[in-house]
Amino acid sequence: AAANVGVVGLAAMGASLARNLAHHGNKVAVFNRTYARTEDFMEHHGQEGDFYPARTVEEFVASLEKPRTAIVMVKAGAPTDQVINELADLMEPGDIIVDGGNSFFQDTIRREKAMAQRGLHFVGMGVSGGEEGALNGPSLMPGGSEESWERLKPILESIAAKADGEPCVMHIGPNGAGHFVKMVHNGIEYADMQLIAESYDLMRRGLGMTPDEIGAVFEDWNRTELNSYLIEITAQVLREKDERTGKPLVDVILDHAGMKGTGTWTVQCALNLGIPVTGIAEAVFARGLSSQTELREGAAAQHFSGPDAALDVPADQRDAFLDDIRHALYASKIVAYAQGFNEIAAAGKEYGWDIDMAGVARIWRAGCIIRARFLDTISDAFETGTADVSLLFAPYFKEAIERCGQPWRRIVADCAMHGIPIPCFSSSLAYFDGLRSTRLPAALIQGQRDLFGAHTYQRIDMPGAFHVEWEEPGHPEVQVSK
Ligand code: 6PG
């Protein structure tokens with residue numbers, strides 16, 4: 001036994017993580033179900049550090065120093081269960097199995113329980129940053145026991161991305177907490193990407209700008225409070241030319257957005273927790289709509305009448321209009337983050353996780369896909385307790401969203417009039433206005449519910465539950481409970 005850590009699964013993420021570990025002085029056992037992939041890995045990267053390639057799971061486990069640490073980087077779902085069970089059969093009490101895939105947090109809770117019964121530590125860990133991040137410094141979100149965290153900490157801190165010198169990793173909480181936070185990270189990622197896409201659409205169809213011109217706008221925006229990895233890569237994608245046709249790459253890519261499930265889970269969990277994550281939900285639905293071929297082709301065949309998505313913005317007002325889009329994007333983005341953090345807080349309460357929200361924002365500052373300059377400010381807001389109920393209440397974000405208000409409304413109104421779909425912009429604004437309303441039409445809904453189903457309502461002027469005897473003459477009100 002010679003390796004202090006092992007990696008199972010040498011696809012893109014696993015291979016990058018194994019190399020990252022080796023680059024930081026770890027002795028890394030590597031195993032892949034198909035040995036050819038391990039051989040290929042050794043051929044290309046064997047020189048980069050101390051690797052211990054294993055042909056079988058038995059050999060892999062035997063090559064690990066005790067107490068053992070194995071990081072599993074395989075497909076979420078059944079393949080993960082299979083690997084975990086094989087490892088567990090060969091491991092001993094005190095050993096740690098880390099699942100670094102995008103597993104559903106309820107699976108992680110189940111697995112942690114099963115492994116704990118066998119005396120093993122099971123750590124569900126969110127890993128963000130794609131292949132490049134896994135290699136050069138990801139943002140890491142481990143759950144699991146305190147004890148496993150104490151042991152994993154030095155290894156994980158060495159390989160994590162650094163923000164202002166601080167490693168982007170923290171113990172999120174017990175059992176499934178790490179995977180839950182990673183799931184919401186992905187949900188926010190979806191919203192962020194959709195908002196950027198809506199901004200692009202506004203410039204493209206609304207203003208008739210070219211991808212190159214739009215790329216330049218995103219480059220400019222990346223020097224503002226919007227500074228983030230996703231804005232940066234958007235500019236890069238828009239500047240890219242297709243090598244076959246010479247056209248902008250974005251023009252030859254089929255407009256059907258894929259997804260692997262984490263965004264959907266974020267919305268499903270939010271629904272279960274009763275937390276409105278409208279921005280994330282619209283982003284998931286927008287991807288869904290984009291991929292509904294039959295529906296979209298059918299709609300095209302209908303030749304529905306309506307505005308043609310061209311905004312008539314005079315040349316001398318274009319810059320001002322671009323500024324409006326930027327403000328709408330920023331405000332909607334703040335809403336998406338506020339909603340995502342609300343979901344994490346609600347889950348923390350529901351599952352007894354006690355999550356350090358400021359810490360979550362801090363470890364998202366570098367390495368992960370949603371890394372952005374304003375996460376610094378978000379972490380400050382949680383640190384000072386001003387974002388406890390909503391990020392929108394923290395003075396900095398309150399000021400920002402108020403400053404963005406008018407441009408945001410102009411954009412939403414213009415898009416509605418000209419037929420440009422902006423589900424994420426408009427639903428975020430609707431959420432904000434809902435939040436601002438001292439009185440909502442929910443009172444009417446309560447009345448309807450009482451009329452057709454005797455569901456009762458509460459009154460503004462006294463406690464208790466009430467019901468109107470709708471069938472009785474004079475409609476007397478009865479108090480149903482105190
Ligand atoms: C990350 C990403 C990553 C995720 C991809 C793909 O943090 O590195 O979130 O984990 O798998 O972004 O997600 P979709 O295929 O669902 O878009």
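Residues numbered from 1 in each chain as written. Predicted model: local features only at pLDDT ≥ 70, side-chain atom pairs only at ≥ 80, totals over all residues. Heavy atoms only, no water.

Our focus in this paragraph is the side chain of S379. Residue placement: S379 occurs in helix α17 (residues 375-383). Judged by its relative accessible area of 4%, S379 is buried. Residues within four places of S379 in sequence aside, it is in contact with A358, A361 and R362. (Helix = DSSP H or I, 4+ residues; strand = E, 2+ residues; numbered from the N terminus. Buried < 20%, exposed > 50% of the residue type's maximum accessible area, 1.4 Å probe, protein only. Contact = heavy atoms within 4.5 Å.)

With that settled, the discussion passes to the UniProt feature "binding site: substrate" (unreviewed entry) in the protein. Within the UniProt annotation, "binding site: substrate" (unreviewed entry) is assigned to N102, S128, G129, G130, H185, N186, Y190, K260, R287, R449 and H455. Across 354 residues, the annotated set is spatially dispersed, with a maximum C-alpha separation of 48.8 Å. Mapping R449 onto the fold places it in helix α20 (residues 442-453). When sequence neighbours within four positions are dropped, the list of residues in contact with R449 reads A454, H455 and T456. Here the side chain of R449 touches Q446 through a polar contact of 2.6 Å, side chain to side chain. By secondary structure assignment, the location of H455 is in the loop between α20 and β10 (465-468). Overall, the relative accessible area of 38% leaves H455 in the partly exposed class. In this view, H455 contacts R449 and D450; residues no more than four positions away in its chain are not counted. (UniProt positions renumbered as here; feature names shortened; annotations may be inferred. Polar contact = N/O pair within 3.5 Å; in protein donor to acceptor, adjacent residues only side chain to side chain.)

So, about the nonpolar core. Within the largest apolar cluster, 97 residues are counted, with the highest numbers of intra-cluster contacts made by L202, M203, F218, W364 and I378. The element contributing the most residues to this core is helix α15 (residues 318-351), with 16 residues. Core analysis: the second largest hydrophobic core is formed by 28 residues, A18, L140, I155 and V169 among them. (Core = buried A, V, L, I, M, F, W, Y, C linked by side-chain atoms within 4.5 Å.)

With that out of the way, let us pick up the packing of helix α8 (residues 177-206) against α15. Put simply, α8 and α15 touch, their axes get as near as 10 Å, and they point 165 degrees apart. Considering the angle they form, α8 stands roughly antiparallel to α15. You can see that α8 and α15 cross each other, and the crossing is right-handed. Seen from α8, the contacting residues are F180, V181, M183, V184, I188, A191, D192, L195, I196, S199, L202 and M203; seen from α15, they are F321, L322, I325, L329, S332, K333, A336, Y337, G340, E343, I344 and A347. Taken together, the residues of the contact of α8 with α15 break down into 18 nonpolar, three polar and three charged. (Axes fitted to C-alpha atoms, helices over the stretch in contact; angles between N-to-C directions. Parallel < 35°, antiparallel > 145°, perpendicular 65-115°, else oblique. Left-handed = near helix turned anticlockwise from the far one by under 90°. Nonpolar A, V, L, I, M, F, W, Y, C, P; charged D, E, K, R; others polar.)

Turning our eyes to something else, we now look at the sheet that holds strand β3 (residues 50-54). Strand order in the open sheet formed by seven strands is β3-β2-β1-β4-β5-β6-β7, and the pairing between neighbours is mixed. Of all the strands in the sheet, the pair left with one neighbour each is β3 and β7 (139-142). This sheet shows a mean twist of 25 degrees between the axes of neighbouring strands, independent of strand direction. With respect to the sheet, helix α5 (residues 105-117) is in contact with β5 (96-99) and β6 (121-128), its orientation differing from that of β6 by roughly 150 degrees. (Pairing = 2+ DSSP bridges.)

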